[in-house]
Amino acid sequence: QEDIKPFDVNAKSAVLMDAHTGTVLYAKNASDALPPASVTKVMTLLLIMEAIDEGNLSLQDKVSVSEYAASMGGSQVYLEPFEEMIVEDLLKSVVIASANDAAVALAEKVGGSEEAFVNRMNERAAELGMESTHFENVTGLDDDVENHTLSALDIALVSRELITKHPAILQYSSIWMDTIRDGAFGLSNTNRLIRFYSGATGLKTGSTSKAGFCISATACRDGMHLIAVIMGSETRDIRNAAATQLLDWGFANY
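Keep in mind it's a predicted model, so treat the numbers as computed, not measured.

Q: What am I meant to see in the sheet that holds strand β8 (residues 212–221) here?
A: Read across the open sheet, the five strands follow the order β2-β1-β9-β8-β7; overall the sheet is antiparallel. Where the open sheet ends on each side, the last strands, each with one partner, are β2 (24–28) and β7 (200–208). On average, each strand axis in the sheet is inclined to that of its neighbour by 5 degrees, with strand direction left out of account.

Q: Help me understand the pairing of strand β6 (residues 185–188) in this model?
A: Bridge count for strand β5 (residues 177–180) against β6 is four bridges, and the pairing is antiparallel. Paired with Thr-179 across the strands is Gly-186, a residue of β6. Counting the residues that bridge the hairpin from β5 to β6 gives four residues, and of these Arg-181 lies at a positive phi of roughly 55 degrees.

Q: When you look at the nonpolar core in this model, what are you seeing that I'm missing?
A: In a soluble, globular protein the nonpolar side chains are often hidden away together inside. In terms of nonpolar packing, the biggest core is built from 69 residues, with Met-43, Leu-91 and Ile-169 touching the most fellow members. Per-element tally for this core: the top contributor is helix α1 (residues 41–53), with nine residues. For Ile-169, the contacting residues outside a window of four places in its chain are Leu-45, Met-49, Leu-91, Val-95, Leu-162 and Ile-163. Core analysis: the next-biggest nonpolar cluster, separate from the first, contains 23 residues, Tyr-26, Ala-217, Ala-219 and Phe-251 among them.

Q: Would you mind showing me how to read the environment of Ile-48 here?
A: With respect to the helices and strands, Ile-48 occurs in helix α1. Sequence-distant contacts of Ile-48, that is, excluding residues within four places in its chain, are made with Leu-57, Leu-91, Leu-106, Ala-107, Val-110 and Phe-117.

Q: Is there a simple way to think about the side chain of Ser-93 in this case?
A: Summarising the element assignment, Ser-93 is placed in helix α3 (residues 87–97). The buried category is assigned to Ser-93, whose relative accessible area is 0%. At 2.7 Å, the side chain of Ser-93 and the backbone oxygen of Asp-89 are in polar contact. Beyond its immediate chain neighbours, meaning those up to four positions away, Ser-93 contacts Val-77, Ser-98, Ala-99, Ala-102, Ile-180 and Leu-187.

Calculation rules
Residues numbered from 1 in each chain as written. Predicted model: local features only at pLDDT ≥ 70, side-chain atom pairs only at ≥ 80, totals over all residues. Heavy atoms only, no water. Pairing = 2+ DSSP bridges. Helix = DSSP H or I, 4+ residues; strand = E, 2+ residues; numbered from the N terminus. Axes fitted to C-alpha atoms, helices over the stretch in contact; angles between N-to-C directions. Core = buried A, V, L, I, M, F, W, Y, C linked by side-chain atoms within 4.5 Å. Buried < 20%, exposed > 50% of the residue type's maximum accessible area, 1.4 Å probe, protein only. Contact = heavy atoms within 4.5 Å. Polar contact = N/O pair within 3.5 Å; in protein donor to acceptor, adjacent residues only side chain to side chain.

In C-alpha cells, the structure reads:
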C-alpha cells in the first residue's frame, strides 16, 4: 500500500481513500512519519465528538478557559483566561478557524489536562492501526516538540473514523463563514475547498514551516465520500491543487 501512484502529486506524501470502504485508491509515501501541523486536530476532534456522542460532553456545556489554553500561539480565537464559552462555539473555532486555544480548552475539559488527553490520542491511534503516529500535543504546534508525527495513511484512517462514525462534524467542517461570541467574532474556514470545490465537506488544514502545507480534504458526490490527504506541499495553493487533483481523479475513476 506504500505506493499506488498512477500519477504524481506535488507533495511529500499523499493518500486518497474511499471513506465508505476504507480502500486506498492512491498512495505516495503513505506511511512516512511526517509533521502534520494542525491536521493533528482531526484526532483531537474525534475524541471530542466521541465524548459528545457518548453523553460525557454536551454542545451547550460551558467551558472556563484556563490560562494555559489562552496562552496558545498560532491560529486562535483570542480566548481570555477564565472566559466562558460553550462547547459548540469552541468546536466551531477548532474546525473552522483551526483555533489552538479552543482545542486546548476542549482537551482540558474532556481529559482533565492536555497531557492526559494526548495520552488518549496516542491510545486511540493504536486502536485505529495508525502505525506512524506519535502525538505530543493536541494542536500540531511544532516549535517545541521532539517527535510529533503522523503519516498520510494515518490521517486518512482517523479522518475516516471521524466522518463516518460522527457525521455531525461535517455540519461544522462544511461552514465557510460563521461567528462566535454572539456575532462579535468572525470565523472563516481555513479550507478554501469548502467554497471552491463541488461536494467538499471538510475537513482540516495545517501549515507550519516544519510541516509545509497539509490537508485532509473530504468531499462527497453521488453518495461516494472521498478523503484526500496531502502532506508537505510548498504552498497553500499547491496543496489545494494537489487535493483537488486527487479528488477529481477519484470521482472520475471510481
